[in-house]
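# Structural features, examined
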Amino acid sequence: MSAERVRVELGERSYDVLIGPGLLAQAGGRIADVISGRCLAIVTDENVAALHLQPLLVSLKAAGFKAKEIVVPAGESSKSFGQLQKVVDAILEARVERGDGVVALGGGVVGDLAGLAASIARRGMALIQIPTTLLAQVDSSVGGKTGINSRFGKNLVGAFHQPTLVLADTDTLDTLPPREFAAGYAEVAKAALIGDSDFFEWLEANEEKIFAGGSERIRAIKKSVAFKARTVAADERETGERALLNLGHTFAHALEAACGFDATRLVHGEAVAIGLVLAHDFSVAEDLAPAADADRARAHLKAAGLPVRIADIHGQPLSAEELLGHIAQDKKVKRGRLTFILTRGVGKAFIANDVSPERVREFLQRQTTA
Ligand SMILES: NC(=O)c1ccc[n+]([C@@H]2O[C@H](COP(=O)([O-])OP(=O)(O)OC[C@H]3O[C@@H](n4cnc5c(N)ncnc54)[C@H](O)[C@@H]3O)[C@@H](O)[C@H]2O)c1
Ligand SMILES: [Zn+2]
């Protein structure tokens, strides 16, 4: 079966995202088509290395590549200065040169970390993304945002560095824990909720098939990638409409921070699911959107097995004040007003620059005591 292809149009930095089964085994030939060098640094995490590294190495070798493996611990804590330094050192030690490339094989954590390493090692090297989580295939591997976390917050250290090629091998999703698949699905639903009500309707009708695998899954990934590609092509550096991709994310990041980035309580995609519902409910509370649309968003995410309320997070209850503290630290605060992505209904997200922190406080107080 030939792969589906989405082109990210960015002038001379344009690139293809290929989506489909069997792409790991074709990686060598596909990468040889886009880079001149014959040496690759493969950054991956322990889980993915055990499951998917071998077939990639075989394919690279067959295409004449020399490959150096760099394996980091799995999990968000690898998006750190310490791991960044290790990865950059390993790239330099392996004498991977300009013209050669860095391959990110894994989820969004590996993609963000390896991407940042590729952007700074030798002042910038080619980056090939091979995303292995649904979240990374539909969202983080496309668009060029890379980064690590700082003690001041998530993703605060980073760079824009577009990949040269993205290979989304949908077979790799078969080994993904169901919880991680559902988490990635939140970003699929996000794409539809932001700007494509027909896509959302199609998701409502096909959710079970997407979870089961097969052609609907590939179609859902392709539609999400195409949506992201269009958005990024229109506003690569997020001076305007790319910010819409943050729908649900101001709330999500506050929830993640309040849980101390503890993956046993909440992973990013789960936080996004709750954040999406909160963004819709807040929009309804502000008389911007019909309640029926918020209900649709909630029902759909819930049917996917995702948490949809703050109270769905187990452990110590989260307080409105604490969440507001994290939101206020967010970079989108201007002269005492907050910038949120809000919605007028399914597929109609917009940038609201003038949200009153007081209204958000009242809203969150209702949500945390409900
Ligand atoms: N750069 C961007 O534009 C962007 C966009 C969205 C999210 N992100 C970032 O992405 C990160 C989240 O990414 P994620 O959800 O992919 O998390 P992740 O990379 O931590 O992967 C989740 C878990 O799945 C495991 N895993 C990965 N692929 C697997 C496979 N095929 N089979 C079995 N296990 C597998 C990983 O080892 C990990 O334990 C966050 O740090 C977030 O900030 C970045
Ligand atoms: Zn996200």
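Everything quoted here is computed from the prediction, not taken from an experiment. (Residues numbered from 1 in each chain as written. Chains lettered and ligands numbered in written order. Predicted model: local features only at pLDDT ≥ 70, side-chain atom pairs only at ≥ 80, totals over all residues. Heavy atoms only, no water.)

Around ligand 1 lies a shell of 26 residues, among which D45, E76, T132, T133 and T175 are the nearest. Side-chain polar atom of D45 to an oxygen atom of ligand 1: 2.7 Å apart, as the coordinates give it. Separating a nitrogen atom of ligand 1 from a backbone N or O atom of T172 is a distance of 3.0 Å. Computed on the free molecule, ligand 1 has an accessible area of 870 Å², of which 90% lies beneath the protein chains in the complex. Of all the secondary-structure elements, those providing two or more residues to the shell around ligand 1 are α2 (46–62), α4 (108–120), α5 (134–140) and β8 (153–160). At four residues, α2 tops the list of elements feeding residues into the shell around ligand 1. Residues belonging to the shell around ligand 1 are distributed by class as follows: seven nonpolar, 10 polar and nine charged. (Near = heavy atom within 4 Å. Polar contact = N/O pair within 3.5 Å; in protein donor to acceptor, adjacent residues only side chain to side chain. Areas by Shrake-Rupley, 256 points an atom, 1.4 Å probe, with all protein chains shown as cover. Helix = DSSP H or I, 4+ residues; strand = E, 2+ residues; numbered from the N terminus. Nonpolar A, V, L, I, M, F, W, Y, C, P; charged D, E, K, R; others polar.)

With that settled, the discussion passes to the coordination of the zinc ion (ligand 2). In this structure, E187 (OE), H249 (NE2) and H268 (NE2) serve as the protein donors to the zinc ion (ligand 2), at separations of 2.0 to 2.1 Å. Along the chain, the residues donating to the zinc ion (ligand 2) are arranged with the sequence spacing E-x61-H-x18-H. Residue E187 is located in helix α6 (residues 178–195), and its partner H249 is located in helix α9 (residues 249–258); the two are separated by 62 residues in the primary sequence. On the basis of relative accessible area, E187 is assigned to the buried category, the value being 3%. (Donors = N, O, S within 2.8 Å, 3.2 Å for Na, K, Ca; no water. Buried < 20%, exposed > 50% of the residue type's maximum accessible area, 1.4 Å probe, protein only.)

Next up on the list: the nonpolar core. In this structure, V17, L134, L203, L255, V360 and L364 are the most contacted members of the largest nonpolar core, which totals 79 residues. Per element, the largest residue contribution to this core is 10 residues, and it comes from α6. Not counting residues up to four positions away in its chain, the partners in contact with L364 are F251, I310, A320, L323, L324 and I327. With 24 residues, the next largest nonpolar core counts V96, A104, V110 and A118 among its residues. (Core = buried A, V, L, I, M, F, W, Y, C linked by side-chain atoms within 4.5 Å. Contact = heavy atoms within 4.5 Å.)

Its location among the elements puts N206 in helix α7 (residues 197–212). Residue class for N206 comes out buried when judged on its relative accessible area of 10%. Of the polar contacts made by the side chain of N206, one reaches the backbone oxygen of W202; its length is 2.8 Å.

Moving on: the packing of α6 against helix α8 (residues 215–234). Contact geometry of α6 with α8 gives a least axis separation of 10 Å together with a crossing angle of 55°. Between α6 and α8, the interaxial angle falls into the category oblique. As for how α6 packs across α8, the hand of that crossing is left-handed. Residues F181, V188, A191, I194 and G195 of α6 form the contact with α8, whose own contacting residues are R217, A220, S224 and F227. In terms of residue class, the contact of α6 with α8 is built from six nonpolar, two polar and one charged. (Axes fitted to C-alpha atoms, helices over the stretch in contact; angles between N-to-C directions. Parallel < 35°, antiparallel > 145°, perpendicular 65-115°, else oblique. Left-handed = near helix turned anticlockwise from the far one by under 90°.)

Attention shifts here to the pattern of salt bridges. Between side chains of opposite charge, a pair can form when the charged atoms approach closely. In the structure shown here, the tally under the stated rule is 24 salt bridges. The closest approach of N and O atoms between D281 and R298, which form a salt bridge, is 2.9 Å. Here R298 lies in helix α11 (residues 291–303) and D281 lies in helix α10 (residues 268–285), a separation of 17 residues in the sequence. Given the relative accessible area of 16%, D281 is considered buried. On the basis of relative accessible area, R298 is assigned to the partly exposed category, the value being 23%. Where D312 meets R309, a salt bridge forms, and the shortest distance between an N and an O atom there is 3.1 Å. Taken together, the salt bridges that share partners define one network made up of E76, K79, D112, K154 and E256. (Salt bridge = Lys/Arg side-chain N within 4 Å of Asp/Glu carboxyl O.)

We now examine unusual backbone geometry. With a phi close to 55°, R95 is a non-glycine residue in the positive phi region. Here R95 lies in the loop between α3 (81–93) and β5 (101–106). Note on R95: relative accessible area 62%, which makes it exposed. Despite not being glycine, E238 shows a phi value in the positive range, around 55°. Topologically, E238 is positioned in the loop between α8 and α9.

It is worth spelling out the sheet that holds strand β9 (residues 165–169) at this point. Here seven strands make up an open sheet; going across it, the order is β1-β2-β9-β6-β5-β3-β4 and the pairing mixed. Every interior strand has two partners, whereas the edge strands, β1 (4–8) and β4 (66–72), have only one. Between one strand and the next, the sheet's axes are offset by a mean angle of 20°, whatever the strand orientation. Against the sheet, α2 engages β3 (39–45), β4, β5 and β6 (126–131), with an angle of about 160° to β3. Contacting β1 and β2 (15–20), α8 crosses the sheet at an angle of about 10° to β1. (Pairing = 2+ DSSP bridges.)

Turning our eyes to something else, we now look at helix α1 (residues 23–32). Listed as buried for α1 are L23, L24, A27, G28 and I31. An end-on view of α1 places all buried positions within 165° of arc, on one side of the element. (Arc of directions from axis to C-beta.)

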